[in-house]
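Topology and contacts: notes
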Amino acid sequence: MSILPPCPKCQSSLTYEDGSGLYICPECGNEWLVQAEAQAVTEAEAVTGAGSDERVYRDAAGNVLQDGDSVTVIKDLKLKGSGGVVKMGTKVKNIRLVDGDHDIDCKIDGFGAMSLKSEFVRKI
């Protein structure tokens, strides 16, 4: 099932494609070209920088993370090997973003160097 764009005139989500290259809105009667929609998406990607090869790292709330940010752990995390637990609310300063399964490298006071997943932190 494909997701069709909302009507640019009335923002209705009931749009449909007629098969001849047009999107049609049944509520306001607006018609627009499918190619125009694809070009608008491409222009939006160019403005926002989306579509580039650079990966965007986001925290649990959807905020963009960058090297050097400070974050807070949002849930208790059990540590493999040592048997300890990083408690919810633990603040982590000066994170470094890396590619891989765990995308944050950091040092946590009392635990030392470790890797975290960005889905378990929130930017301060």
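For the structure, check the block above.
The residue count restarts for each chain, going from 1 along the sequence in the order it is written. In view of the model being predicted, local features appear only for residues whose pLDDT reaches at least 70, and side-chain atom pairs are presented and counted only at 80 or more, with totals across whole chains, interfaces and linings using the full set of residues. The side-chain figures draw on all heavy atoms in the structure; neither hydrogens nor water molecules are used.

With that out of the way, let us pick up the overall build of the protein chain. Summing up its helical and strand segments, the protein chain has one helix and eleven strands in all. Put simply, DSSP H or I for four residues or longer makes a helix, DSSP E for two residues or longer makes a strand, and each gets a number counted from the N terminus. Taken from the N to the C terminus, the helices and strands of the protein chain come in the order β-β-β-α-β-β-β-β-β-β-β-β. Any residue under 20% of the maximum accessible area for its type is buried, any over 50% is exposed, and the rest in between are partly exposed; the area is computed with a 1.4 Å probe on protein chains only. Burial analysis of the protein chain (124 residues in total) assigns 25% to the buried set.

Think of it this way: a Phe, Tyr or Trp ring, Trp meaning its six-membered ring, pairs with another when their centres are within 6.5 Å, and the plane angle makes it stacked under 30 degrees, edge-to-face over 60, tilted otherwise. Taken as a whole and judged by the stated rule, the model has one aromatic pair. Measuring from centroid to centroid gives 5.6 Å for Tyr-23 and Trp-32, while their planes differ by 45°, and the two rings are tilted. Classification of Tyr-23 as buried rests on a relative accessible area of 9%. The exposure class assigned to Trp-32 is buried, which follows from its relative accessible area of 10%.

Our next topic: the pairing of strand S10 (residues 112-116). Each regular strand displays side chains that alternate between the two surfaces of the sheet. DSSP bridges decide pairing: two strands pair if at least two such bridges lie between them. Looking at chain direction, strand S9 (residues 104-108) and S10 are connected through five bridges and run antiparallel. By the bridge assignment, Ile-108 is partnered in S10 with Gly-112. Where S9 hands over to S10, the hairpin turn is made up of three residues, of which Gly-110 adopts a positive phi near 90°.

This part is about the nonpolar core. What makes a nonpolar core is a set of buried Ala, Val, Leu, Ile, Met, Phe, Trp, Tyr and Cys residues whose side-chain atoms join them at distances within 4.5 Å. If you look at the biggest cluster of nonpolar residues, it comprises 15 residues, and the most contacted ones within it are Leu-65, Val-92, Ile-95, Ile-104, Cys-106, Ile-108 and Leu-116. Secondary-structure elements contributing two or more residues to this core are strand S4 (71-73), S9 and S10. Of all the elements, S9 adds the most residues to this core, at three residues. With residues near it in sequence (within four places) discarded, Ile-95 still touches Gln-66, Asp-67, Gly-68, Asp-69, Val-71, Ile-104, Asp-105 and Cys-106. In this description, contact between two residues means that some pair of their heavy atoms is separated by no more than 4.5 Å.

Across the sheet, three strands lie side by side as S8-S9-S10; this open sheet has antiparallel pairing. On the outer flanks of this sheet lie strand S8 (96-97) and S10, each paired with one strand and no other. In the sheet, S8 pairs with S9 via two bridges, with the strands oriented antiparallel. Each bridged residue has a counterpart across the sheet, and for Leu-97 the counterpart in S9 is Ile-104.

Right, let's talk about the sheet that holds strand S11 (residues 121-123) for a bit. Pairing in this open sheet of three strands is antiparallel, and the strands run S7-S4-S11 from one edge to the other. Every other strand in the sheet has two partners, leaving strand S7 (91-92) and S11 as the edge strands with one partner each. Pairing analysis gives two bridges linking S4 to S7, with the strands arranged antiparallel. Looking at the pairing, Thr-72 lines up with Lys-91 of S7.

Within the secondary structure, Thr-72 sits in strand S4. The residues touching Thr-72, leaving out its near neighbours within four places in the chain, are Gly-89, Thr-90, Lys-91, Phe-120, Val-121, Arg-122 and Ile-124.

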